[in-house]
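# Reading the structure
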Amino acid sequence: MSSRKQFRDLRPPSEAHEAIESLDLTPEPETVPLDEARGRVLADRIDAELDVPGFDRASVDGYAVRARDTFGADEADPVVLETVGTVHAGAEPDVAVAEGTCAEISTGAVMPDGADAVVMVERTDETGDGVAIRTSVAPGDAVMVAGTDVAAGSRALGPGTPLTAREIGLLSALGVDAVPVRGKPTVGIVSTGDELVRPGEALNSAAGQIYDVNSYTIAAGVEEAGGEAVLYPHAGDDYDEMARLLVEAAEECDLVLSSGSTSASAVDVIYRVIEERGDLLLHGVSVKPGKPMLIGRLGDSAYVGLPGYPVSALTIFRTFVAPAVRSAAGLPASGTATVDGQMAVQERYSEGRTRLMPVGLVEDAAGDTLVYPVDKGSGATTSLVEADGVVEVDADTEYLAAGEAVTVQLFSPDVRAPTLLGVGEDDPALSRLLDGVERPRYLDVGSREGRRRLRDGVPDVAVVSGPTDREVDAVDLGGWTREWGLVVPAGNPEGIDGLADLVDCDLRVVNRARDSGLRASFDAELDALAAERGLDRRDLTDAVDGYDLTVKGIESPARKVLAGAVDAGIGLRATAERLDCGFVPLGVESVRVLANPDRTGKPGVAALRAVLDARLDDVTASLAGVDS
């Protein structure tokens, strides 16, 4: 009989929200020093214990007077008053103003006895007999009386007030040095899975190990939501160790979050820990990504189990958990940061679950917002930074049409569309050139996919290389050439001389991904060799050990060579020299920067064109085998 745990009936997202809202995450209030209070939420009302200001003070530079002594004064017939002294800010007055006299006074200084108004210095003239007052003033003019800001005994700030720089300033003026604030909910974070390794520790990729992404991304999300994150040691897939860590976290924190081990498989045991040690309220939500979410209680602590894939984990945290953390911290609901736009391409969807679709933003030539899907799969960490927000797609929606209006829920109110959206070939010269453009976004999808996306009108530019039989309508902004060939171990121990050796000798090779321009150049050379031998190219590719072993990155083949996994890899001379590998040249290919013809006037495209003009020669000179 199978031990596989089946998902319970998937609950609608509304029930997941209700389940989390039923959990009590609220910590006890605490008192913190004033210099640590920014960003916190006031727990109790604060009444003023003194007037602010605590004295009548001048609000301009000028002369403190008795207002009635100035009645009738004007430019044609000024009143001359005797000066009896000067009052400076921060000093107790040592003079008094009597009938027919005045005192020079600075902004912020205490009003001297007898004075009830200030004449600004610009309406006076010094004379041999004193000061000529060329305007009349009323009692209280240019004077801030005691308690004008806050009067003693009045309500200064109420509970629930977020403490920003303004409130900190008021509390400082009131002399408050310790502030009662809402406690920060402590959130224990436990990542599970035998394959995880903490950043900074040695990684064994051959054993399937990956760095722990979720602990740090979720911890950052907790802090952004007003909580205090506590990272616990990594838990493997062992039941006893997982139970020990989760119970320890529950005893010490208001909320426990785990990531991974929530799906319905034999090794995903975390649901059993919650069922046996606590109370499992919900297992499985009708949402994509994030179906295997868990919600429950462990002792007095709330518990939420997030999916293991980083994009799923962060999306579910932001959608369901972050609002609860903010509420427990006393923070107001996060201002809904949204932007309206139009779908740049059609997107089909028919899985019967609410979809939280990661999307990116790009502005067209008119400054209107276009929205495009960013979906490399839940396990792709780069989707975290390539997406600007999500579009919630109803479970009954089968597709979103190109041009259809959508609302994007931004990941942050600070999100802005990139100044330049580029797609296409991965290239070391391009990486350096993009450093000269402010806030670009570049997606290394390969030359073939770059051309396709440019034809669809989504990106501003596409960077392409290698031969192709499918051209695209575009404006050529310029480019460079790069020498390509076989990256081999230093010293070329196998004595590889050229392409024919891959076919005729017992050599293991690693190829580039199908959309890569380098792959197209490699295939063209194989076509030429096949024609020379009177064969079909398929005959040669079948003879190349590893032809179908493909990698995505420009340096990935060289790194497999360095690791001893292969004898040769398709790559660039620039890469071989940077990594101290050997190199067997096979050819030179052109790299071109193609602009969307409708976007050539866009500032980001103009900035890239300027960088190409100003920096291309210096960049290519710094890379082996690259020439402008």
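Every value quoted in this text rests on a predicted model; they were computed, and no experiment measured them. Residue positions are given per chain, counting from 1 as you read along its sequence in written order. For this predicted model, a pLDDT threshold of at least 70 governs which residues receive local features, and a threshold of 80 or more governs which side-chain atom pairs are given and counted, while totals over whole chains, interfaces and linings are taken from all residues. Each side-chain value is worked out from all heavy atoms of the structure, with water and hydrogens disregarded.

## Focus: the overall build of the protein chain
Secondary structure elements follow DSSP: runs of H or I no shorter than four residues count as helices, runs of E no shorter than two count as strands, and numbering proceeds from the N terminus. Each helix and strand in the protein chain was counted, giving 15 helices and 37 strands. Throughout, radius of gyration means the C-alpha value; the globule benchmark is 2.2 Å times the number of residues raised to the power 0.38. In terms of overall size, the protein chain is more extended than a compact globule, its C-alpha atoms giving a radius of gyration of 35 Å where 628 residues would be expected to give roughly 25 Å. If you line up the protein chain on its principal axes, its C-alpha atoms span 120 × 65 × 50 Å. Looking at the protein chain as a whole, 49% of its 628 residues are labelled buried. Only heavy atoms matter for contacts: two residues are in contact if any of them lie within 4.5 Å across the pair. A sequence separation of at least 24 residues applies to 71% of the contacts in the protein chain between residues at least 6 apart. Each residue's exposure class comes from its accessible area (1.4 Å probe, protein chains only) as a fraction of the maximum for that residue type: buried when under 20%, exposed when over 50%, partly exposed otherwise.

## Focus on the layout of surface pockets
Think of a 1 Å grid over just the protein atoms. A cavity is a set of points where a 1.4 Å probe fits yet cannot get out, a pocket is an open set with protein on both sides within 12 Å along at least five of seven lines, and lining residues have an atom within 4 Å of a point. Grid points are joined across faces, edges and corners, and a volume is the space filled by probe spheres set on the points. There is about 790 Å³ of room inside the largest pocket. Looking at the largest pocket, it is lined by 25 residues, and the ones nearest its centre are Arg318, Ala322, Ser334, Leu410 and Phe411. Of all the secondary structure elements, the ones that give two or more residues to the lining of the largest pocket are α3 (214–224), α6 (310–328), β26 (389–393) and β28 (405–410). For the lining of the largest pocket, the leading source of residues is α6, giving eight residues. Counted by class, the lining of the largest pocket contains 12 nonpolar, nine polar and four charged residues. All residues other than Ala, Val, Leu, Ile, Met, Phe, Trp, Tyr, Cys, Pro, Asp, Glu, Lys and Arg, Gly among them, are scored as polar; the first ten of these are nonpolar and the last four charged.

## Section: the packing of aromatic side chains
Remark: the centre distance and the inter-plane angle together describe each pair of aromatic rings, the angle taken between the planes. Stacked, edge-to-face and tilted labels apply to pairs of Phe, Tyr and Trp rings (six-membered ring for Trp) whose centres lie within 6.5 Å, assigned for plane angles under 30 degrees, over 60, and everything in between, in that order. Enumeration over the complete set of coordinates arrives at one aromatic pair. On the basis of an interplanar angle of 35 degrees and a centroid distance of 6.2 Å, the ring pair of Phe522 and Tyr547 is categorised as tilted. Residue Phe522 is located in helix α11 (residues 517–533), and its partner Tyr547 is located in the loop between α12 (537–543) and β34 (550–551); the two are separated by 25 residues in the primary sequence. Here the two residues Phe522 and Tyr547 agree in accessibility, since each one is buried. Positioned over the ring face of Tyr399 is Arg348, at 5.5 Å from the centre of the ring. Only when the NZ atom of a Lys or the CZ atom of an Arg is both within 6 Å of the ring centre and within 35 degrees of the ring normal do we say a charge sits over the ring.

## Considering the confidence of the model for the protein chain
How sure the predictor is of each residue is captured by pLDDT, a score from 0 to 100. Scored by pLDDT, the protein chain comes out at a mean of 89, with 95% of its residues at no less than 70. Segment residues 1–7 is flagged for pLDDT under 50; beyond a separation of four residues in sequence, or across chains, it makes 15 contacts in the model.

## Some details on helix α5 (residues 270–277)
All of the buried residues along α5 are Ile270, Tyr271, Val273 and Ile274. Considered in projection along α5, the buried side chains sweep an arc of 160 degrees and stay on one side of the axis. The elements touched by buried residues of α5 are α4 (239–252), β17 (255–259), β18 (279–283), β20 (294–298) and β21 (301–306). This arc corresponds to the set of directions leading from the helix axis out to the C-beta atoms.

## Things to note about helix α9 (residues 447–456)
The complete set of buried residues in α9 reads Ser447, Glu449, Gly450, Arg451 and Leu454. Residues of α9 that are buried in the fold lie against β29 (420–424), β31 (461–465), α11 and β36 (582–595).

## Section: a negative patch on the surface
Taken together, the side chains of Asp61, Glu104, Glu122 and Glu126 define an acidic patch exposed on the protein surface. If you trace the backbone, Glu122 turns up in the loop between β7 (117–120) and β8 (124–127). Put simply, a patch holds well-exposed residues, over 30% relative accessible area, that have no salt bridge, with like charges counted together within 9 Å and Val, Leu, Ile, Met, Phe, Trp or Tyr side chains within 5 Å. A 1.4 Å probe and the Shrake-Rupley method give the accessible areas. Residues count as covered only by the protein chains that appear here. Within this document, salt bridges are pairs made up of a side-chain nitrogen of Lys or Arg and a carboxyl oxygen of Asp or Glu, the two lying within 4 Å of each other. Charge counting treats Lys and Arg as positive and Asp and Glu as negative, with His and both chain ends excluded. A charge is said to be at NZ when it belongs to Lys, at CZ for Arg, at CG for Asp and at CD for Glu.

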